Structures are given as C-alpha cells and as structure tokens.
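Understanding the architecture of this molecule
The chain contents come next:
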Amino acid sequence: MTNRTPTDAGPSLGPESLSRALSLLANARRRQVLSYLACHRSLSLPTLADEVAEGEADVPLREVDAETVRDVYLSLYHTHVPKLEDAGVVAYDQERDWVTRRDTRRCELVLSLLDSVPAGAEPA
C-alpha cells in the first residue's frame, strides 16, 4: 500500500462521509478486504474469503478448515461486501462473484484512513 494521509484523498468529504468511512473500518474483515483490494484492485469473492480466513487463522490456507472458509465467504457475501458496495467503495458483480475497488474520492479517503490503522488493531 502507499502511504497516504487523509488530506491526500482530495478535499474533505465532510463529517458524514468521514463517519461512514470510520464505520466501514470498524470491522476487521472489511479492513482485510480493503487491504487486499488496495493491492490487487479486483478479486473473486472466493479468493477474498480464502485470504480473510487465512489472515484470521494466522496459518496457511491449507490448514484452515473448509467450514471456516465457507463461513467467512458467507459473511463477506451477506454483510461486508454489501456494506462496502453501499458506501461506494467497491463494486460487486454477482454473476461473476467478483469484487472490484472503485476509484472514487470516498474510496481514497477510506484507504488513506486504513493506512493509518496499525495492523491487527481492533477498535476499543
């Protein structure tokens, strides 16, 4: 990832956008999805589920139980990707089961805030 600051994302999007961005980052799974998409721009949802499950378990994917990966996939599909899509940060193609980072000011703001969160940090 690049080192951005919130001001690098362009003009302020206002308090409501900042609150929404912080709300998106409040969940570790959404932060992981955004981190992967910051690097890869576009990935299949099953690949994202594999990456998130592997990161949460802190072991190689081959050591992660298939049911755990399925549960992560379902939470991404039903909860986290829709929240990111509703916020205009990602686009989800259901037919292809593909998630793509959107190149918007809002996405840049969220990614710049993500850069400032220490790895593995959970909100208090």
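Up top you'll find the structure we're talking about.
Residues numbered from 1 in each chain as written. Predicted model: local features only at pLDDT ≥ 70, side-chain atom pairs only at ≥ 80, totals over all residues. Heavy atoms only, no water.

The subject of this paragraph is helix H4 (residues 66–86). Relative to the 30 Å expected for 21 residues at 1.5 Å per residue, H4 spans 29 Å between its end C-alpha atoms, a close match to the ideal helical length. At Leu76, H4 shows its largest bend, some 50 degrees. Among the residues of H4, those classed as buried are Val69, Val72, Ser75, Leu76, His80, Val81 and Leu84. Backbone nitrogen of Glu67 and a side-chain oxygen of the N-cap are separated by 3.0 Å at the start of H4; the cap is Asp65. Directly after H4, the chain includes Gly88, whose backbone phi takes a positive value near 80 degrees. (Helix = DSSP H or I, 4+ residues; strand = E, 2+ residues; numbered from the N terminus. Expected span 1.5 Å × (residues − 1). Bend = angle between axes of the 7 residues up to and from the residue. Buried < 20%, exposed > 50% of the residue type's maximum accessible area, 1.4 Å probe, protein only. Polar contact = N/O pair within 3.5 Å; in protein donor to acceptor, adjacent residues only side chain to side chain.)

The next thing to look at is the packing of helix H2 (residues 28–40) against H4. Between H2 and H4, whose axes approach to 10 Å, the crossing angle comes to 80 degrees. Taken as axis vectors, H2 and H4 run roughly perpendicular relative to one another. The residues of H4 that touch H2, namely those facing Arg29, Arg30, Val33 and Leu34, are Asp71, Val72, Ser75, Leu76, His80, Lys83 and Leu84. Looking at the contact of H2 with H4 residue by residue, the class counts come to five nonpolar, two polar and four charged. (Axes fitted to C-alpha atoms, helices over the stretch in contact; angles between N-to-C directions. Parallel < 35°, antiparallel > 145°, perpendicular 65-115°, else oblique. Contact = heavy atoms within 4.5 Å. Nonpolar A, V, L, I, M, F, W, Y, C, P; charged D, E, K, R; others polar.)

So, on to the pattern of salt bridges. Enumeration over the complete set of coordinates arrives at three salt bridges. A salt bridge links Glu56 to Arg29; its shortest N-O distance comes to 2.6 Å. One end of the pair, Glu56, is in helix H3 (residues 45–57); the other, Arg29, is in helix H2, with 27 residues separating them in the sequence. Accessibility expressed as a relative area gives 41% for Glu56, which makes it partly exposed. A salt bridge links Asp71 to Arg70; the shortest N-O distance between them is 3.2 Å. Taking the relative accessible area as the measure of exposure, Arg70 reaches 45% and is therefore partly exposed. (Salt bridge = Lys/Arg side-chain N within 4 Å of Asp/Glu carboxyl O.)

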